Amino acid sequence: KFIESYAEYGIKISALTPQNETNTQQAGRMPACVWHPETEAKFIVMLKDALKKAALDVKVWMYDHNFEDIDRVIWSLENCEGLMESCDGVAFHYYGGTIEQTLEVKRKFPKMPLHFTEGGPRLTDHYDSDFCKWGLMSVKALKCGYSSFTGWNLMLDELGGPNVGPFIGICGGFVTRDSVSGELTYSGQYKAFSHISRYITAESKIHPLHLGESFNQRICAYPEHTREIEGVLIENPDGKSIAVIVNPNDRGVQAQLEVYGELLYVELYADSISTVIIE
């Protein structure tokens, strides 16, 4: 009914997850529901069957929680009857662990899509200038083979509202709309996305410029650690390629790229995202 009702207003629901954050009880701060892996798996099998019977082309993604508990994901896919056939992807949040940990899921199940489904700016933590944080997260997701990246939330007011949970005044929107003047303010996440979204299509090929597996660097704790420079090359069918390079450190760096047999020199400013267009 939810899917069909949205469709009546021209809004297509592409994918569902059975439960947001399957492992958390939110310490009693808001309604939550902990799902046992076997319960989640049985529900996904039943849900997928119901969607097929209703002739609804909607994906079902499992887990929808932090990077760190990949053991749960792998165990479920290996041991729960029917899950591999019914599950269309694995959804992850960035609040615990590192995205490199999820490469193990990709290695064991190379055809299983991965999706980044929650992570957004904070009003109390460099709201409009944390573009390097989100540049790093976006580039890492592309390099680790993720199929989608969803921010949280789309638009809120200057206090992070409307809000029915405990995080009022903390969570920011992708865009902030002042509740009095109506003026829009753009987050660092918005600025980071602009370096990628205008150049990438479904036909683009993604080439990692570097892939490290540093398990002690949690993006949500940014900027507590000195970080490696990260980059990705987006190759498009029109012959144009885009190198997106993030330098999250407080010093500039001189970099050299070899692309299609040519050497390119790039100045990476401190605390910057660079978009290099190669024609």
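Up top is the structure.
Residues numbered from 1 in each chain as written. Predicted model: local features only at pLDDT ≥ 70, side-chain atom pairs only at ≥ 80, totals over all residues. Heavy atoms only, no water.

Describing the packing of aromatic side chains
Okay, so step 1: Counted under the stated rule, the structure contains 14 aromatic pairs.
Okay, so step 2: Judged by centre distance (6.3 Å) and plane angle (55°), the rings of Phe92 and Tyr146 are tilted. Linking Phe92 in strand β3 (residues 89-93) with Tyr146 in strand β5 (residues 146-149), this pair joins segments that are 54 residues apart in sequence. In this structure, Phe92 and Tyr146 share a single accessibility class: buried.
Okay, so step 3: When the centroid spacing of 6.0 Å and the interplanar angle of 55° are considered together, the rings of Tyr94 and Phe116 count as tilted. Of this pair, Tyr94 sits in the loop between β3 and α5 (103-108) while Phe116 sits in strand β4 (residues 114-118), placing them 22 residues apart in sequence. (Phe/Tyr/Trp six-rings, centres within 6.5 Å; stacked < 30°, edge-to-face > 60°. Helix = DSSP H or I, 4+ residues; strand = E, 2+ residues; numbered from the N terminus. Buried < 20%, exposed > 50% of the residue type's maximum accessible area, 1.4 Å probe, protein only.)

Observations concerning the sheet that holds strand β6 (residues 155-156)
Okay, so step 1: The strand order across the open sheet formed by 3 strands is β6-β7-β8, and the pairing between neighbours is mixed. Of all the strands in the sheet, just β6 and β8 (184-186) have a single pairing partner and so form its edges.
Okay, so step 2: Here β6 pairs with strand β7 (residues 175-177) via 2 bridges, running parallel. If you follow Met155 over to β7, its bridge partner there is Val175. (Pairing = 2+ DSSP bridges.)

Notes on the environment of Glu118
Okay, so step 1: Along the chain, Glu118 turns up in strand β4.
Okay, so step 2: Separated by 90 residues in the primary sequence, Glu118 and Gly28 have C-alpha atoms spaced 20 Å apart.
Okay, so step 3: Not counting the four nearest positions on each side in its chain, Glu118 is found in contact with Asn20, Glu21, Phe92, His93, Tyr94, Tyr95, Thr150 and Trp152.
Okay, so step 4: Side chain to side chain, Glu118 and Tyr95 meet in a polar contact 2.8 Å long. (Contact = heavy atoms within 4.5 Å. Polar contact = N/O pair within 3.5 Å; in protein donor to acceptor, adjacent residues only side chain to side chain.)

A closer look at the environment of Thr17
Okay, so step 1: Following the sequence through the fold, Thr17 ends up in the loop between β1 (15-16) and α2 (37-53).
Okay, so step 2: In the structure, Thr17 is positioned 46 residues away from Tyr63 in sequence and 7.4 Å away in space, judged by C-alpha atoms.
Okay, so step 3: Sequence-distant contacts of Thr17, that is, excluding residues within four places in its chain, are made with Trp61, Asp64 and Ala91.
Okay, so step 4: Engagement of the side chain of Thr17 in a polar contact is seen with the side chain of Asp64, the distance being 2.8 Å.

Focus: the nonpolar core
Okay, so step 1: Counting residues in hydrophobic clusters, the biggest one holds 47 residues, and the most contacted among them are Met62, Val90, Phe92 and Tyr146.
Okay, so step 2: Ranked by residues supplied to this core, first place goes to helix α6 (residues 131-143) with 7 residues.
Okay, so step 3: Excluding residues within four positions of it along the chain, Met62 makes contact with Glu40, Ile44, Val73, Ser76, Leu77, Leu83, Cys87, Gly89, Val90 and Ala91.
Okay, so step 4: Membership of the second largest hydrophobic core comes to 11 residues, among which are Ile245, Ala255, Val266 and Val276. (Core = buried A, V, L, I, M, F, W, Y, C linked by side-chain atoms within 4.5 Å.)

Description of the sheet that holds strand β10 (residues 230-235)
Strand pairing in a sheet is mediated by backbone hydrogen bonds. Such pairs are either parallel or antiparallel.
Okay, so step 1: Judged by pairing direction, the sheet is antiparallel, and its 4 strands sit side by side in the order β9-β10-β11-β14 without closing on themselves. Of all the strands in the sheet, just β9 (205-208) and β14 (272-278) have a single pairing partner and so form its edges. When the angles between neighbouring strand axes are averaged without regard to direction, this sheet yields 20°.
Okay, so step 2: Examined bridge by bridge, β10 and strand β11 (residues 241-247) share 6 bridges and lie antiparallel to one another. Each bridged residue has a counterpart across the sheet, and for Ile234 the counterpart in β11 is Ile242.
Okay, so step 3: The sheet strands contacting α6 are β9, β10, β11 and β14, and the helix crosses β10 at an angle near 55°. (Axes fitted to C-alpha atoms, helices over the stretch in contact; angles between N-to-C directions.)

Let's talk about the side chain of Ser187
Okay, so step 1: Along the chain, Ser187 turns up in the loop between β8 and α7 (188-194).
Okay, so step 2: Those residues in contact with Ser187, other than ones at most four positions away along the chain, are Pro121, Tyr127, Asp128, Gly173 and Phe174.

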